[in-house]
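# What the coordinates show
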Amino acid sequence: HATSSAYKISAEWGSQDGLLRVSDHDLAFGSEILLKMGLNKGDWFVCIHAREGGYSPSDEHLHSFRNTPIEDFFPAIKFITSQGGKCIRMGDSSMKPTPADIDLIDYALSPFKSDLMDIFLCSECLFFLGSNSGIFDLSTLFGTPVAAVNLAPMSILTRGLSDLSLPMLYKDSKSDKLISFSEIMETNRANYRTSEEFSNAGITLVRNKPEEILELVTEQYHRVRNTHTEKDDNQVLQKKYKSLFKEGHYSFGYASKIGEDFLQRYSKFLS
């Protein structure tokens, strides 16, 4: 229930190189492991992480709203591979295996997984496609762009200047109607952090649709490749969304952006 200083620091850091970088020794080691994982020299890749409940089962009852089905990422994965990239799933050994028919390297359940490779992959990917889980912060430390989906509470966003975020929508459980962004951000609902708080307040969180995740990934891909053409009203909508954040909101002063297709689609909820 307070503003994190990390967002002000990240905004001031701006477009400088990442705070950390992988050593030459570890870069060589990680590159060799990539070859063993089936990548060719020169292949680019995107790290994928869809949070599941197995990593911290003791408090899953508090944080189950943060989980994302990997299936919701499938259209985005197909887009990445259609552009010539590889997709590498991050995570831990508790995660369910991914279907064999999806073109995804299941690093989380592979014999190649290690702490060093976790850091190497997060630092060297083209960008990190993540859900509501802290692993994408590893990429931020190395200056690697992030595209994060299903973020909640609404006061939490990614930090990096090149990052993109999609918040979850809030729906009134009784009326089944969506609640506007401005209504949420004007109350303490913007800072709820447990499943119980949302449930007690009569709020149902609505996950981002697979097509919305695809839009975000397409935008991030083209931004990283410097081939993105920004929509005419995007800067105006970004400023309106950012104006909803006040001192006390966790991400107040953030430097990242909201996915522009998402903002256009839900622009009526900005006021």
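All figures in this text were calculated on a predicted structure; none of them were measured in a lab.

The final tally for this structure, using the stated rule, is 13 aromatic pairs. Measuring from centroid to centroid gives 6.2 Å for phenylalanine 181 and phenylalanine 262, while their planes differ by 20°, and the two rings are stacked. With a gap of 81 residues between them, phenylalanine 181 in helix α7 (residues 181-185) and phenylalanine 262 in helix α11 (residues 260-265) connect regions that are remote in the sequence. Ring centres of phenylalanine 181 and phenylalanine 269 lie 5.9 Å apart, and the angle between their planes is 70°; on these two criteria the pair is classed as edge-to-face. Taken together, the positions of phenylalanine 181 in helix α7 and phenylalanine 269 in the segment after α11 put the pair 88 residues apart, joining distant regions of the chain.

On to the packing of helix α4 (residues 74-82) against helix α9 (residues 210-224), then. At a closest axis distance of 7 Å, the pairing of α4 and α9 adopts a crossing angle of 30°. One element, α4, and the other, α9, form an angle in the roughly parallel class. As for the relative orientation of α4 and α9, their crossing is right-handed in sense. On the side of α4, the interface is formed by Pro75, Ala76, Phe79 and Ile80, while α9 contributes Pro210, Ile213, Leu214, Val217, Thr218, Tyr221 and His222. Tallied by class, residues from the contact of α4 with α9 come to nine nonpolar, two polar and no charged.

Further remarks concern unusual backbone geometry. Between alanine 152 and proline 153 the backbone carries a cis peptide bond, its omega angle lying at 5°. By the element assignment, proline 153 lies in the loop between β4 (146-151) and β5 (164-167). Phi at asparagine 150 is positive, roughly 55°, even though this residue is not glycine. When its relative accessible area of 0% is taken as the criterion, asparagine 150 is described as buried. Its identity is not glycine, yet asparagine 226 carries a phi of approximately 60°, on the positive side. Note on placement: asparagine 226 falls in the loop between α9 and α10 (234-243).

Analysis parameters
- Residues numbered from 1 in each chain as written.
- Predicted model: local features only at pLDDT ≥ 70, side-chain atom pairs only at ≥ 80, totals over all residues.
- Heavy atoms only, no water.
- Phe/Tyr/Trp six-rings, centres within 6.5 Å; stacked < 30°, edge-to-face > 60°.
- Helix = DSSP H or I, 4+ residues; strand = E, 2+ residues; numbered from the N terminus.
- Axes fitted to C-alpha atoms, helices over the stretch in contact; angles between N-to-C directions.
- Parallel < 35°, antiparallel > 145°, perpendicular 65-115°, else oblique.
- Left-handed = near helix turned anticlockwise from the far one by under 90°.
- Contact = heavy atoms within 4.5 Å.
- Nonpolar A, V, L, I, M, F, W, Y, C, P; charged D, E, K, R; others polar.
- Buried < 20%, exposed > 50% of the residue type's maximum accessible area, 1.4 Å probe, protein only.

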